[in-house]
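So you can see what is in the structure, the chains are spelled out below.
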2 protein chains.
Amino acid sequence: IMKRFTLTLAAVVSAIALSGQPKTSYVNPMIGTGRMGHVFPGACVPHGIVALSPDTDTIPHNIEGKYQPRAYEYCAGYQYDDPTIVGFSHTHFSGTGHSDLGDILIMPATGPVKFNPGTTADPDSGYRSRYSHESEKAVPGYYEVTLDDYGVKAQLTATKRCGVHRYTFPQDADNPHIMLDLNHAIYNYDGKVLWANVRVENDRLVTGYRITNGWARTNYTYFAIRFSKPIRNYGYTDFATPSYRGGFAKFDVKHNFPEIGGKQVVCHFDFDPADGQPIEIRVGLSAVSCEGALKNLDAETQGKEFDCIVAEADTAWEDALGVIDVQGDADQMAMFYTSLYHTMINPSVYMDVDGSYRGLDHNIHKADGFTNYTVFSLWDTYRALMPLYNIIDRKGSRDMAMSMLAHYDQSVHHILPVWSHCANENWCMIGYHGVSVLADAIAKGIDIDKEKAMEAMVSSATLPYYGGTAEYMKLGYVPLEATSTAASNTFEYAYDDWAIANTARILGNGEVYAQFYARSANWKNSFDCGCGLARPKYADG
Amino acid sequence: IMKRFTLTLAAVVSAIALSGQPKTSYVNPMIGTGRMGHVFPGACVPHGIVALSPDTDTIPHNIEGKYQPRAYEYCAGYQYDDPTIVGFSHTHFSGTGHSDLGDILIMPATGPVKFNPGTTADPDSGYRSRYSHESEKAVPGYYEVTLDDYGVKAQLTATKRCGVHRYTFPQDADNPHIMLDLNHAIYNYDGKVLWANVRVENDRLVTGYRITNGWARTNYTYFAIRFSKPIRNYGYTDFATPSYRGGFAKFDVKHNFPEIGGKQVVCHFDFDPADGQPIEIRVGLSAVSCEGALKNLDAETQGKEFDCIVAEADTAWEDALGVIDVQGDADQMAMFYTSLYHTMINPSVYMDVDGSYRGLDHNIHKADGFTNYTVFSLWDTYRALMPLYNIIDRKGSRDMAMSMLAHYDQSVHHILPVWSHCANENWCMIGYHGVSVLADAIAKGIDIDKEKAMEAMVSSATLPYYGGTAEYMKLGYVPLEATSTAASNTFEYAYDDWAIANTARILGNGEVYAQFYARSANWKNSFDCGCGLARPKYADG
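A brief structural summary.

About the thresholds
Residues numbered from 1 in each chain as written. Chains lettered and ligands numbered in written order. Predicted model: local features only at pLDDT ≥ 70, side-chain atom pairs only at ≥ 80, totals over all residues. Heavy atoms only, no water. Contact = heavy atoms within 4.5 Å. Buried area = accessible area lost by both parts, 1.4 Å probe. Salt bridge = Lys/Arg side-chain N within 4 Å of Asp/Glu carboxyl O. Polar contact = N/O pair within 3.5 Å; in protein donor to acceptor, adjacent residues only side chain to side chain. Helix = DSSP H or I, 4+ residues; strand = E, 2+ residues; numbered from the N terminus. Nonpolar A, V, L, I, M, F, W, Y, C, P; charged D, E, K, R; others polar. Least-squares fit on C-alpha atoms with pLDDT ≥ 70 in both. Buried < 20%, exposed > 50% of the residue type's maximum accessible area, 1.4 Å probe, protein only. Pairing = 2+ DSSP bridges. Axes fitted to C-alpha atoms, helices over the stretch in contact; angles between N-to-C directions. Phe/Tyr/Trp six-rings, centres within 6.5 Å; stacked < 30°, edge-to-face > 60°. Lys NZ or Arg CZ within 6 Å of the ring centre and 35° of its normal. Disulfide = S-S within 2.5 Å. Patch = residues over 30% accessible without salt bridge, like charges linked within 9 Å, V, L, I, M, F, W, Y side chains within 5 Å. Areas by Shrake-Rupley, 256 points an atom, 1.4 Å probe, with all protein chains shown as cover. Expected span 1.5 Å × (residues − 1). Parallel < 35°, antiparallel > 145°, perpendicular 65-115°, else oblique. Left-handed = near helix turned anticlockwise from the far one by under 90°.

A few words on the interface of chain A and chain B. In this complex, chain A contributes 52 residues to the contact, which on the side of chain B involves 52 residues. Note on chain A versus chain B: buried area summed over both sides is about 4,500 Å², and carbon and sulfur give 53% of it. Our enumeration of links across chain A and chain B arrives at zero salt bridges. The interface formed by chain A and chain B includes 36 residue pairs in polar contact (both at pLDDT 80 or more). Put simply, the parts of the chain that give the side of chain A that touches chain B at least two residues each are strand S14 (193–202), strand S15 (205–212), strand S18 (259–262) and helix H1 (290–301) of chain A. Ranked by residue count, the leading element in the side of chain A that touches chain B is S14(A), at six residues. Counted by class, the side of chain A that touches chain B contains 23 nonpolar, 19 polar and ten charged residues.

Here's what the structure looks like:
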């Protein structure tokens, strides 16, 4: 159904004919997982909200307010050079320059239950495990690794809203169990998890949620977990001492009590000694409710074998990647299709299967005629990624534009997203580049309400308390007093203003055109002709 | 529509004919507001979730885990002997022996903004104010007082889901402003408020919510506040230092920034110097969403003058209290109708005007054919209050029984409420007296699904990990090893078992009848014929 594009890479085509192979075979999810690549090797489907992937360490963003520089390495949870895996969490950004998420971490283990993840220096102090890259396999939609400390083979796949785990324990493993760490998070400083609730609904179903105060200031992650085998025994610890336990004090809440709550909750679920048959764990996520998570889980995984879900994920990727045909040598093909793969992870679907989603106003909305997306890293993506979608994924592009307009409707500032994720504006970076994204969509004929888009664009460009905009509108540039990035702000605003002017021209709106065409020349006010470079200046010129 | 009952008090009827007066004229809401009465003098309508009432102090339940005995005096927020008023919060229990709530405190003030409430010993250290009882007026549905420190006359009324405030500032008051303290709570220990969000939607509308970890372990209170005059200026402080501010660090978030969030948030809203015209503030609450709070606010207050809402509250009380006609002297009439008034506050409606409510599972449900209620203090109310409703308020009684059955459906323990409020089981006190309440309803012909009620009753009586029930079922009594209240548990369980047996008899269920009739004799196992008293014994008899 998608238009297919055929490109030929400039390099000489390899003598070996590669073009008959599946596109997915060229993708290597390990590329970029070292140092500052900030991508993850785990399992996801195109634009799925679930990215089920190993986290190789947990470095808090700050300790008592002091920034921990190594946290930045863990934006996507995984560092190739790390010797241990802490566990498999369900949400990860791909390629961002800042972070959050790492929600709902699951880790299989054997022997005595350890509630803390331990350290890289002393893995035996916690539930984490050593592993080696030899046992890893990472392809689009599937990841596997052997956890050496437990002899457990871990296999992961995903649907849009669900993570699917298969853990094969050694025969007669001692106390095989599954850790569910609701305290784990990426950029996990003290107090990031505001609250976690868990309900053990029956011996195969667990529901719950957690609320985090992260880069997304108030982020709600609801989950529903189905185990393929009955839970024999379970319990939890709360690393935070509850201020007050009320009537719960009359119970032995830590052991087999099905109503768990706390600020730093880590649970274990024990199973009968392994019979060589794997334990499968299926986790549905929702930002709406536990009910929504369960609906998502059942709609996307019920009645499907693990291998079938792997195959569906593979097919989804093959279909998505097939939108562009290229030829090149093996390295070029890997580079191209891995890059294309990376363009198709974020933004992510942020909506239950029934169309309910949590809006920026934290109310629950129904998406009317579109699929709601989140993760709009617009300063990073307005130049290339979003315009690319207008060529290769016009339906997705329309859905994303509609999601941005819904954000505008729900914004107390009445603006388009700057950098938004999970029903929150995180305010990262500068500019009001949502306008550029919509301008490109309109210029390329994406079917959205153009007048409404125009209104949202003008409103976003005239908010008077954002990054020196008041001064910009008065002086024609952002003065250095307002922000240390003043020259960049001026240049980016001027570009966005040009995008608005061009859209106004398309829509025949002369007034907006004149206003913003004039504003688009403002970059000149922060350009130093003497040195030939952008240079900020003070308000007094 | 209600059946009216006529009683004659045993005492000699006063020579002054009292019976022609409105029933509300006999009610004195100040009765019980001293010492351990645990009732509030403020404004509410029958069974409304909003109880808008002055709080005269804030004593935390504990400080670093150490219980503060004086907290107990403040179960309903108000102590008659206190010399100051901290402010007016929207939710209060009436007559309970433990506490929570005190949500969404509003206080008018003048002069420099003070963010903390100050202390009784030094009222000028905070925003609280001195007052005297001479300026107080408390009648059903209406409360007024003069706040001496600011010369502000405060008038309060309520609908089921809304609090309505009218504050008259002195002419030319200096910086008249309204404090919105989202950190205030009854039994307010450190960390009780998990999170608070506020959105200043426009210069007359503020929405938001807070989540508390109190006696109700995870309690969601959403609000929508409409001011009758435009906000001129606003801001907040957060007494908790945020661990991480992310992109919000680029804003002056404390001043006129419409997106506020934090753990200990106190806001101020400033208005133009007073012109002698009162500021009216209308606050809708919801446990579902801000959208729900706004719907409730507009459905119940839009287009109505303050005095009209007062009159409607008065009429609601007159209608409710009119269900029983008594005659007696002035003291007897005050005692009777004030007591009757106190029977009609809790349980409270816990449902938006559109039928949505937060269930015990924290999912949002639609009430199908009933009005959902909360605050089931059943150990206190199974003997007299709930049976009274089966006589004087059969519709309310049915709604409450249906609410209890919904609780059962949503309970991860599959049991009826023990002591539940605000979508949480707080587990206070002993027994499974929900069964007694339903048994009385069925015996008195309340129209509920009797078979389902029977199922819920049996399930509640056989939960094996609650208050020595496992041992009770095995030994025929609760042994002292299980709980220090073992003899009481045995007696109460036996009574509840008799209630189940009697219901089974009505329904013709011989098996359940036989089982529970046998259990109902268990009290004998904890009765010491020697001393003629109940006496607990150990498991070995």
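Right, let's talk about the relation of the copies chain A and chain B for a bit. When chain A is fitted to chain B, the residual RMSD is 0.0 Å, and the transformation amounts to a turn of 180 degrees plus an axial shift of 0.0 Å. On this basis, the relationship between the two copies can be described by a two-fold rotation axis. Among all residues of chain A, the minimum C-alpha distance to the rotation axis is found for Leu194(A), at 3.0 Å.

To continue, consider unusual backbone geometry. Residue and element names in this part refer to chain A. Along the chain, Asn-346 connects to Pro-347 via a cis peptide bond; the corresponding omega equals -10 degrees. Residue position: Pro-347 is located in the loop between helix H3 (330–343) and strand S22 (348–349). Of note in this structure, His-414 is not a glycine but carries a positive phi near 60 degrees. Taking the relative accessible area as the measure of exposure, His-414 reaches 40% and is therefore partly exposed.

All names here are of chain A. Overall, antiparallel pairing links the nine strands, which are arranged S9-S10-S11-S12-S20-S16-S15-S14-S18 in an open sheet. In this open sheet, the two edge strands, each paired with only one partner strand, are strand S9 (137–139) and S18. Between one strand axis and the next, the sheet turns through 15 degrees on average, direction left out of account. As judged from the six bridges shared by strand S16 (residues 219–227) and strand S20 (residues 279–286), these two strands associate in the antiparallel manner. By the bridge assignment, Phe-227 is partnered in S20 with Ile-281.

Quick look at the pattern of salt bridges now. Proximity of charged atoms lets side chains of opposite charge pair with each other. All names here are of chain A. Tallied over the full model, the rule gives 46 salt bridges over all chains. Across the pair Lys-395 and Asp-399 runs a salt bridge whose closest N-O atoms are separated by 2.6 Å. With Lys-395 and Asp-399 both in helix H6 (residues 394–410), this residue pair falls four residues apart, about one helical turn. Taking the relative accessible area as the measure of exposure, Asp-399 reaches 3% and is therefore buried. The salt bridge involving Asp-447 is made with Arg-398; its shortest N-O contact spans 4.0 Å. Taken together, the positions of Asp-447 in the loop between helix H7 (434–443) and helix H8 (450–461) and Arg-398 in helix H6 put the pair 49 residues apart, joining distant regions of the chain. Given a relative accessible area of 53%, Asp-447 falls into the exposed group. The exposure class of Arg-398 is partly exposed, given its relative accessible area of 23%. Several salt bridges converge on common partners, so that one network encompasses Asp-124, Arg-130 and Asp-149.

A word on the packing of aromatic side chains. Summed over all chains, the structure comprises 54 aromatic pairs over all chains. Through a chain of ring-to-ring contacts, three or more aromatic side chains come together here, namely Phe248(A), Phe251(A), Phe257(A), Trp427(B), Tyr465(B) and Tyr466(B). Directly above the ring of Trp379(B) sits Arg383(B), whose terminal nitrogen or CZ lies 5.1 Å from the centroid.

Turning next to the state of the cysteines. Residues and elements named next belong to chain A. Scanning the entire structure with this criterion turns up zero disulfides over all chains. Cysteine Cys-308 shares no disulfide, and the gap to the nearest cysteine sulfur, in Cys-162, comes to 13 Å. Judged by relative accessible area, Cys-308 falls into the partly exposed class, the value being 30%. We note that Cys-529 lacks a disulfide partner, and the nearest cysteine sulfur, in Cys-531, lies 8.9 Å from it.

Bringing the sheet that holds strand S28 (residues 424–425) of chain A into the picture now. All names here are of chain A. Taken in spatial order, the three strands line up as S26-S27-S28 in an open sheet, and their pairing is antiparallel. Single-partner strands in this sheet number two, and they are strand S26 (376–377) and S28. Where strand S27 (residues 419–421) lies against S28, two bridges are found, and the strand directions are antiparallel. Bridging across to S28, His-421 finds its partner in Asn-424.

The next point concerns a nonpolar patch on the surface. On the surface, Tyr495(A), Trp498(A) and Tyr517(A) cluster together into a nonpolar patch covering about 330 Å² of accessible area. By the secondary structure assignment, Trp498(A) is in helix H10 (residues 486–507).

All names here are of chain B. Tracing the sequence through the fold places Lys-366 in strand S24 (residues 364–366). What makes Lys-366 exposed here is its relative accessible area of 54%. On a C-alpha basis, the gap between Lys-366 and Met-351 in space is 8.6 Å, while along the polypeptide they are 15 residues apart. Excluding anything up to four places from it in sequence, Lys-366 contacts Asp-354, Gly-355, Ser-356 and Tyr-357. A distance of 3.0 Å separates the side chain of Lys-366 from the backbone oxygen of Asp-354, its partner in a polar contact.

A turn of α-helix holds 3.6 residues, and therefore any two residues three or four places apart point the same way. Residue and element names in this part refer to chain A. The terminal C-alpha atoms of H3, which comprises 14 residues, lie 20 Å apart, in line with the 20 Å expected from a rise of 1.5 Å per residue. All buried positions along H3 are accounted for by Gln-332, Met-333, Ala-334, Phe-336, Tyr-337, Thr-338, Leu-340, Tyr-341 and Thr-343. Where H3 begins, the capping side chain belongs to Asp-329, and its oxygen is found 3.1 Å from the backbone nitrogen of Asp-331.

All names here are of chain B. Interhelical geometry of helix H8 (residues 450–461) versus helix H11 (residues 510–519) gives an angle of 40 degrees and a closest axis separation of 13 Å. One element, H8, and the other, H11, form an angle in the oblique class. Here H8 runs over H11; the crossing is left-handed. On H11, the residues that touch Met-454, Val-458 and Ala-461 of H8 are Val-512, Phe-516 and Arg-519. In terms of residue class, the contact of H8 with H11 is built from five nonpolar, no polar and one charged.

All names here are of chain A. Of all the six residues making up strand S10 (residues 142–147), five are buried; the element is thus mostly covered by neighbouring parts of the structure. Where S9 lies against S10, three bridges are found, and the strand directions are antiparallel. Among the inter-strand pairings, Val-139 is bridged to a residue of S10, identified as Tyr-142. Between the antiparallel neighbours S9 and S10 lie two residues, among them Gly-141 with a positive phi of about 85 degrees. In terms of strand pairing, S10 meets strand S11 (residues 152–158) through six bridges, oriented antiparallel. Residue pairing for S11: Glu-144 is matched across the bridge by Gln-155.

Any functional reading would require information that these geometric values do not contain.
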